[in-house]
Structures are given as structure tokens and as C-alpha cells.
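# Results of the structural survey
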Amino acid sequence: DAKTTQPPSMDCAEGRAANLPCNHSTISGNEYVYWYRQIHSQGPQYIIHGLKNNETNEMASLIITEDRKSSTLILPHATLRDTAVYYCMPGYALNFGKGTSLLVTP
Amino acid sequence: DSGVTQTPKHLITATGQRVTLRCSPRSGDLSVYWYQQSLDQGLQFLIQYYNGEERAKGNILERFSAQQFPDLHSELNLSSLELGDSALYFCASSKGGLSGNTIYFGEGSWLTVV
């Protein structure tokens with residue numbers, strides 16, 4: 001599996017943008033980058049994925065660097081319900097790693 | 001609702017016993033995955049099946065086994081249960097494409113071994 005590196009934890013104030021970084025320097029050229037999140041004890045939830053271009057959906061935006069070695073998940077207006085563990089994963093990966101624990105505070 | 005159905009939602013059993021967890025994937029998905037999550041631990045990948053065949057194996061104990069049936073549902077069998085097997089077991093499914101594909105998770109089966 002391509003290796004990913006994410007900060008273990010981050011804080012964000014409610015209503016502000018949460019920017020979650022991920023390094024995936026060994027990702028292969030045709031491998032998508034996927035983001036999931038897991039709210040405590042629930043099944044992980046798909047958020048967004050991308051290959052080269054930036055992507056946006058109703059949940060988040062994904063910014064991928066031109067060299068594809070890193071990406072940033074952006075939650076534009078974080079709410080308390082966004083408190084969760086966020087996982088960045090190359091498309092072929094099966095192991096979720098430790099992810100980033102995001103705490104959104106009032 | 002992800003479309004992945006897992007049963008039972010909760011299960012309590014004694015050490016040494018055997019249990020079977022069942023998973024129905026999303027309609028059209030050919031791949032099924034099993035994950036284990038112990039208390040305050042990360043998701044541990046156990047095994048993946050694609051269209052009835054084992055595709056990848058992770059940290060699955062020899063006491064555990066799985067299979068995917070012709071109708072694509074899957075079962076995870078856990079035998080000679082130990083206290084440490086108490087965990088949340090997730091099933092997930094995907095279409096199984098080669099360039100990476102979105103994985104959809106069920107709500108999990110809580111197993112408590114006493």
C-alpha cells in the first residue's frame with residue numbers, strides 16, 4: 001500500500017473552515033486519493049475522492065497538489081457534527097491507518 | 001443508509017463459542033470487505049472477497065474465516081472466541097474496480113465475548 005501521513009489531531013472552531021492535510025508521496029500515477037471519516041463507533045463514511053484535479057461535492061472540497069504527493073480536505077464551514085476521525089487513503093489501499101481526529105469546538 | 005446490511009447488530013457470547021456475522025453488500029457491488037475495530041483502536045483490515053473469490057487477506061486470525069456466496073452476501077465466522085475478540089466488526093462493499101473504488105460500510109456488528 002502507498003503510505004500516507006496525517007496529523008494525529010486537529011481542532012477547529014465551529015463555522016470556520018477545517019483544512020486537513022495528507023501526505024501520500026508514494027501514490028501511483030493512476031491511483032485515486034480517497035477521504036473517509038468515522039464518527040464515533042459508526043461505520044466509516046465516504047467523503048470525496050480525486051485523481052489530479054480539485055474536486056468539490058456537498059460535503060467537502062479536495063485539493064490535490066500538482067505533483068500528487070499531498071492533498072488537503074476542506075470542510076468549508078465546520079459544524080459540531082463534523083467531529084470525527086478523518087482518513088486519507090490511496091485508492092488501492094485496504095488499511096485505514098490512524099487518520100486525523102478532528103475536534104470541532106463551539 | 002449506505003446500503004450495506006449487517007446482522008446481527010449486537011451479539012453477546014461466551015468464550016470458546018463460535019459465531020457467524022452476516023453481510024449483504026450494496027446492490028451491484030462485487031467486493032466485500034471485513035474490518036475489526038476494538039475499543040479505541042483503529043480499523044483493522046481482515047479480508048476481502050471479490051465475486052466469490054478471496055482477493056486480499058489482512059490481519060485475520062486462523063480462528064476466523066470468511067466466505068462470499070454466489071448471491072454475493074458474505075459471512076465472517078469467528079470460532080474459539082476469546083475475550084480479546086470483543087470488538088465492532090464492519091462489513092463494507094465496493095464495485096471492485098482496479099483504479100480504486102469507493103468503499104461503503106455497514107453499521108457494524110457489536111460482539112461481546114464474556
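Up top you'll find the structure we're talking about.
Residues numbered from 1 in each chain as written. Chains lettered and ligands numbered in written order. Predicted model: local features only at pLDDT ≥ 70, side-chain atom pairs only at ≥ 80, totals over all residues. Heavy atoms only, no water.

A separate point is the state of the cysteines. Per the counting criterion, the structure on display carries two disulfides over all chains. With a sulfur-sulfur separation of 2.1 Å, A:C22 is cross-linked through a disulfide to A:C88. The disulfide joining A:C22 to A:C88 has a torsion of about -75° about its S-S bond and is therefore left-handed. You can see A:C22 sitting in strand β2 (residues 18-23) and its partner A:C88 sitting in strand β8 (residues 84-90), a full 66 residues away along the chain. Taking the relative accessible area as the measure of exposure, A:C88 reaches 1% and is therefore buried. Covalent S-S linkage joins B:C23 and B:C91, the inter-sulfur distance amounting to 1.8 Å. Disulfide B:C23-B:C91: torsion about the S-S bond near -60°, hence left-handed. Linking B:C23 in strand β3 (residues 19-24) with B:C91 in strand β9 (residues 87-94), this pair joins segments that are 68 residues apart in sequence. Exposure remark for B:C91: the relative accessible area of 0% places this residue in the buried category. Its sulfur unpaired, A:C12 is 18 Å from the next cysteine sulfur, which belongs to A:C22. (Disulfide = S-S within 2.5 Å. Helix = DSSP H or I, 4+ residues; strand = E, 2+ residues; numbered from the N terminus. Buried < 20%, exposed > 50% of the residue type's maximum accessible area, 1.4 Å probe, protein only.)

The omega torsion of the bond from B:T7 to B:P8 falls at -10°, within 30 degrees of zero and hence cis. The topology assignment puts B:P8 in the loop between β1 (5-7) and β2 (10-13). With a phi close to 65°, A:S41 is a non-glycine residue in the positive phi region. As for its placement among the helices and strands, A:S41 is situated in the loop between β3 (33-38) and β4 (45-50). Overall, A:S41 belongs to the partly exposed group, its relative accessible area being 28%. Non-glycine residue A:R68 carries a positive phi angle of around 65°.

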